[in-house]
Structure formats: structure tokens, C-alpha cells
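Letter by letter, the chains look like this.
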Amino acid sequence: MSYCLAIDIGASSGRHILGELKNGRLETKEIYRFENGFKEQDGTLIWDIEKLTADVVAGIAECGRLGLIPETVAIDTWGVDYVLFDGEGKELLPCVSYRDGRTASAVEEVFSVVSKEELYAKTGIQTQPYNTIFQLWCDKKSGKLDGAKRLLMIPEYLSFRLTGVMKNEYTNASTTGLVNADSKKIDQEVCERLGIDPRLFGELNLPSAYIGNFSEEIKAKVGFDAKVIFCPSHDTASAVAACPIDENAVFISSGTWSLVGTENLYPVTTPEAMAANFSNEGGINYRFRFLKNIMGMWLFQNIRKNLDKKFTYDEMMEMAMASSYDRLIDPTDDCFLAPENMVGAIRAYLGEPDLPIGDLLKSVYLSLATSYKNTVEEIEKVAGKKVDRIAIVGGGSKDKYLNQLTKEYTGRRVTVGPTEGTAAGNLISQLIYLDPTLDLEGARRIVINTFEIQEV
């Protein structure tokens, strides 16, 4: 069986995971890992896309150095962010991060043109100030959109840098707030009313679609050729593709964000779903991820950073467990999106400027567990499901205390794994490309056979 290479990039780090199918099990090996993060440029939070591209290529080159040559390569990243191109194929930079505050007034301005109710009925996407639709509105106001002829989401852009081919992918496009949930295409009417050219997007390809082979430049840099294909290029879509769930299960993709939801065959775009601020994001095989975004490990990552990383995550967990503090924060509050100091932001939210770190950490743990509980109950009410199990995947699933609190607060059976769920979903989409007889259910069985799924 051929090697597949999953390039999985989150907001804080990226990794190259090589996979090979042997006897029904997916053998994986981490080849390369790198740090990622936004930076400030002239008062704007941006992504260093040249560094991102260089790290993507360096990890592929490492495969060549090791003599482990993948037949296919696929890239997943976070959603909503993008790179614009002019008519000559030149990038219109900078590539602004979703955590930048430029969209503060954009939400109400967009809703004055297309109402919140109408937009949700069409797209089914929850209102978040960083959604692509609001970012593009800002680009329109600044004049940046005037010269734009093409748009690629971040994983599409990185695939373009490998192949020279511009293509768009469905799961990531669905995070823009511009894809019609019924037609599963860019909603031209919404775009035109907002003054956004729908031709910025090409055809929306499904996961496992072929993009192109390495360009001559990339082949020279890495020493070999490979096919670049689409996985579910929004990282949550890849994580859920690999999640061992059924109709009555809820997933928690636990990483920088906690994405809490269920998988549906049809979108739920009712007024009740809008009021509860659920998203109907596109998934593999046109399934819908009915979910809510909750600030997740981002909170702990920034607390640790503010403490100069003098505590490990396990030590922070033990500090929280030793505390009897019980006041809560709202992990979805915009004040936690990109504060200068997370410790200060949480203390200010609670109105306790001298709150000890152990108590502050306990508040975050309890607040996340409470948010999970409330979201599960909302899913049952709004989507009409009886939830009997919660499956936690992703790097945050290693936090045993949060897993235990999730079980206690929700009263549901909780399973954990795989930890590298996003990379697993990326890899199985490549296996589906290589073996047309393999379907999603068969691919998920490979995940269950391969990775240890533990009961909490």
C-alpha cells in the first residue's frame, strides 16, 4: 500500500503525519512539526503565509530525505481565513487572521443588507464576527476587494503553492457564511447584494478530489513528485470524518477550539437553531456538522504563555483540581478571542483582579464543562436527537480532568480518541481517493481498528 501524507495545521502548530494502510490498520509516523501563530503588522494581526509555505515544503522534503515517499498529500487547516489574488495571479496581502478586530462593526453592517434571519435560513452558519463574509465586507470597505479576482482558503492556498493549481473545497467554503446549505454552492444572490463577486470562488470540490501534482519548482525542492488531493480541508471536518460516532452521538473536537456538535444528513436552519447560534458546516459526503464553537485549549495555551510557561499543562490541571472555586466565565465571549493577557482578561471578567491562578484555572475547567453540557442539551432540543454518547477527539482529549468533568456534567457516556483525529481524517480521505471501493463507513472502521478508543 502507498504512503499518504497528512499536513495538519492548527492555529498554534502544524505537523506532517505519514500514513500507510497495513492489514486493515493505519500505521502512522510523525515526520515533521513546526510552530504557527499570527503576528502583528502595522496594528493588524496577520498570518505569515511565506513561513507557512516554507514549513509545508520542509516537511515534505523530510519525507524525501527519509526515503518515505508519499503517493498523495493533503492539507487541512483552520477555517474562515483566505488569500486574495488579482487578475494576474498575484497575492493581495496581508493575509489577515480571524483574530484581528477589524470586523467589530461588520456584523451589523452586513445584517443591514441581508438580515441575520435571511442569511441563516440560506447558509445555516452561526454568527461569529470572524466569519469570512464579515472579513470580505471589510475588504470591500477598504478597497482591497476591488482588484480581487480569486479567493483561496488557507489550505487551498497552500495546495496551490505546491501545484500551481487553484481549486476550492466544499467543507472549508462552508465556513465562509456564503455557501447555500441546500444547493451546497456559493449563494450568488447573497454575494451580489453585499457587493462580493461570487466568481472569486471556483467550483466547490468534495474531499478526495484531485488537485494536481507537484509543480516543477516543488519537485526540485523536495526531490520527488506526488499527487495533491483535497481532504476535508477544514480541520474540524477532517476530525469529524475520523470520529467514531453514530446518529445519537455528539463529538467534541478538542483543540485550540472546542467544536461541539453532531453529524446530520440535512441542515437544521430553523429559528430555534439560529437563536442557539448553531452552525451547519459542510462535512465529508455532504454531511452536515451541526455544531457550536467554544473557546477551548486556547484559554489554557494563553494562560500558560502569560505565566512564562513555568507550569506544564499537567501541573496546571493539578492546580485546578486542588481548587474549590466555582465561579464561571462564558468561554464564547469575544473578550477571550485575542486579549493582550488572558489571565488579566479572565480576572477582569470575574471582577477579581487578584484571583489566584489555581482558582482561575478551575473556573476555566468548570466553564468549559458547563458549556459542553448546555450545548449537548441544546442539540437534543433543537436537532431532535437523544444523545447517548460523547466522543472526544483531538489534542485536548489528553486532558483527563476535563474529560472527567465532561462525563460528570453531561451525564453521558464519554469516549476519548483518537488524539490525532484531524490527521486521521485527513489520511482516510486519501485512502478513499486511492481505493474507490472504500467508503466513509469502511474508513471509520479503519480508525476504530487502529486507534485506542477509551472509556472515561
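Preceding block: the structure.
Report on the accompanying structure. These numbers were taken from a predicted model, which means no experiment stands behind them.

Points about the overall build of the protein chain
Summing up its helical and strand segments, the protein chain has 17 helices and 21 strands in all. Considering only C-alpha atoms, the protein chain reaches an extent of 60 × 55 × 45 Å along its principal axes. When the 456 residues of the protein chain are sorted by exposure, 60% land in the buried category. Counting only contacts in the protein chain whose residues sit at least 6 apart along the sequence, the fraction spanning at least 24 positions is 72%. Surface accessibility of the protein chain: about 17,900 Å² in total, with carbon and sulfur atoms responsible for 47%. Taking the average place of the 49 positive charges on the side chains of the protein chain and the average place of its 65 negative ones, the gap between the two points comes to 2 Å.

Examining the pattern of salt bridges
Where side chains of opposite charge bring their charged atoms close, a pairing between them can arise. Counted by the stated rule, this structure contains 29 salt bridges. The partner of Glu 281 in a salt bridge is Arg 289, and the shortest N-O contact between them spans 2.6 Å. Judged on exposure class, the residue Glu 281 and its partner Arg 289 are both buried.

Focus on the sheet that holds strand S7 (residues 82–85)
The three strands lie next to each other as S8-S7-S10, forming an open sheet whose pairing is antiparallel. In this open sheet, the two edge strands, each paired with only one partner strand, are strand S8 (91–92) and strand S10 (150–153). Relative to S10, S7 runs antiparallel, the two being bridged by four bridges. Within the sheet, the bridge partner assigned to Phe 85 lies in S10 and is Arg 150. Taken strand by strand, helix H4 (residues 132–142) contacts S7 and S10, and its axis lies near 40 degrees from that of S7.

Quick word on unusual backbone geometry
What is expected of a backbone is that most residues other than glycine have negative phi and most peptide bonds are trans. Here the residue pair Leu 93 and Pro 94 is connected by a cis peptide bond, since its omega of 10 degrees sits within 30 degrees of zero. Counting through the fold element by element, Pro 94 comes out in the loop between S8 and strand S9 (95–96). Cis geometry marks the peptide bond from Gly 417 to Pro 418, where omega comes out at 0 degrees. Within the element layout of this structure, Pro 418 appears in the loop between strand S20 (413–416) and helix H16 (421–434). Notably, Asn 285 is not glycine yet its phi reads approximately 60 degrees, a positive angle. Positionally, Asn 285 belongs in the loop between strand S17 (279–282) and strand S18 (288–295). Owing to a relative accessible area of 48%, Asn 285 belongs among the partly exposed residues under this scheme. Backbone geometry at Lys 309 places phi at a positive 55 degrees, although glycine is not the residue there. The topology assignment puts Lys 309 in the loop between helix H11 (297–306) and helix H12 (313–321).

Section: the sheet that holds S9
Ordered by their spatial adjacency, three strands build an open sheet running S4-S5-S9, and the pairing between neighbours is antiparallel. In the strand order of this sheet, the two ends are held by strand S4 (39–41) and S9, each with one partner.

A short note on helix H15 (residues 400–410)
Residues of H15 that are buried: Tyr 401, Leu 402, Asn 403, Leu 405, Thr 406 and Thr 410. Turning to H15, the residues buried within the fold contact strand S15 (249–254), H11, H12, helix H14 (357–383), strand S19 (389–393) and S20. Note on H15: the residue one or two positions beyond its end, Gly 411, has a positive phi of about 70 degrees.

Considering the environment of Ile 46
Its location among the elements puts Ile 46 in strand S5 (residues 44–47). With relative accessibility at 4%, the residue Ile 46 sits in the buried group. Taking the C-alpha atoms as reference points, Ile 46 and Asp 100, separated by 54 residues in sequence, lie 7.7 Å from one another. Not counting chain neighbours up to four residues away, the residues in contact with Ile 46 comprise Phe 38, Lys 39, Gln 41, Pro 94, Cys 95, Val 96 and Ser 97.

Things to note about the pairing of strand S1 (residues 3–9)
Counting buried residues along S1, six of its seven residues qualify, which places the element largely inside the surrounding structure. In the sheet, S1 pairs with strand S6 (residues 70–76) via six bridges, with the strands oriented parallel. By the bridge assignment, Tyr 3 is partnered in S6 with Pro 70. What sits between the antiparallel neighbours S1 and strand S2 (residues 13–22) is a turn of three residues.

Brief notes about empty space enclosed by the protein
According to the stated counting rule, one finds four cavities of 30 Å³ or more in the structure shown. Its boundaries defined by the atoms lining it, the largest cavity holds a volume of some 80 Å³. Lining the largest cavity, in full, are Phe 111, Lys 116, Leu 119, Tyr 120, Thr 123, Ile 125, Gln 126, Thr 127, Asn 131, Ile 133, Phe 134 and Gly 177. Of all elements in the fold, only helix H3 (116–123) and H4 reach the threshold of two or more residues within the lining of the largest cavity. If one sorts the elements of the lining of the largest cavity by residue count, H3 sits on top with four residues. In terms of residue class, the lining of the largest cavity is made up of six nonpolar, five polar and one charged.

A word on the packing of aromatic side chains
By the definition in use, this model includes 18 aromatic pairs. Residues Phe 278 and Phe 290 carry aromatic rings whose centres are separated by 4.5 Å and whose planes lie at 10 degrees to one another, so their mutual orientation is stacked. With a gap of twelve residues between them, Phe 278 in the loop between helix H10 (271–275) and S17 and Phe 290 in strand S18 connect regions that are remote in the sequence. Grouping residues by exposure puts Phe 278 and Phe 290 together as buried. An aromatic cluster of three or more residues is present, and its members are Phe 38, Trp 47, Trp 78, Tyr 98, Tyr 130, Trp 257 and Trp 298. Lying over the aromatic face of Phe 278, Lys 292 brings its terminal NZ or CZ to 4.8 Å of the ring centre.

Each value, and the rule that gives it
Residues numbered from 1 in each chain as written. Predicted model: local features only at pLDDT ≥ 70, side-chain atom pairs only at ≥ 80, totals over all residues. Heavy atoms only, no water. Helix = DSSP H or I, 4+ residues; strand = E, 2+ residues; numbered from the N terminus. Buried < 20%, exposed > 50% of the residue type's maximum accessible area, 1.4 Å probe, protein only. Contact = heavy atoms within 4.5 Å. Areas by Shrake-Rupley, 256 points an atom, 1.4 Å probe, with all protein chains shown as cover. Lys, Arg positive; Asp, Glu negative; His and termini not counted. Charge placed at Lys NZ, Arg CZ, Asp CG, Glu CD. Salt bridge = Lys/Arg side-chain N within 4 Å of Asp/Glu carboxyl O. Pairing = 2+ DSSP bridges. Axes fitted to C-alpha atoms, helices over the stretch in contact; angles between N-to-C directions. 1 Å grid on protein atoms, 1.4 Å probe; cavity = no way out; pocket = protein on both sides within 12 Å on 5 of 7 lines; lining within 4 Å. Points joined across faces, edges and corners; volume = space filled by probe spheres on them. Nonpolar A, V, L, I, M, F, W, Y, C, P; charged D, E, K, R; others polar. Phe/Tyr/Trp six-rings, centres within 6.5 Å; stacked < 30°, edge-to-face > 60°. Lys NZ or Arg CZ within 6 Å of the ring centre and 35° of its normal.

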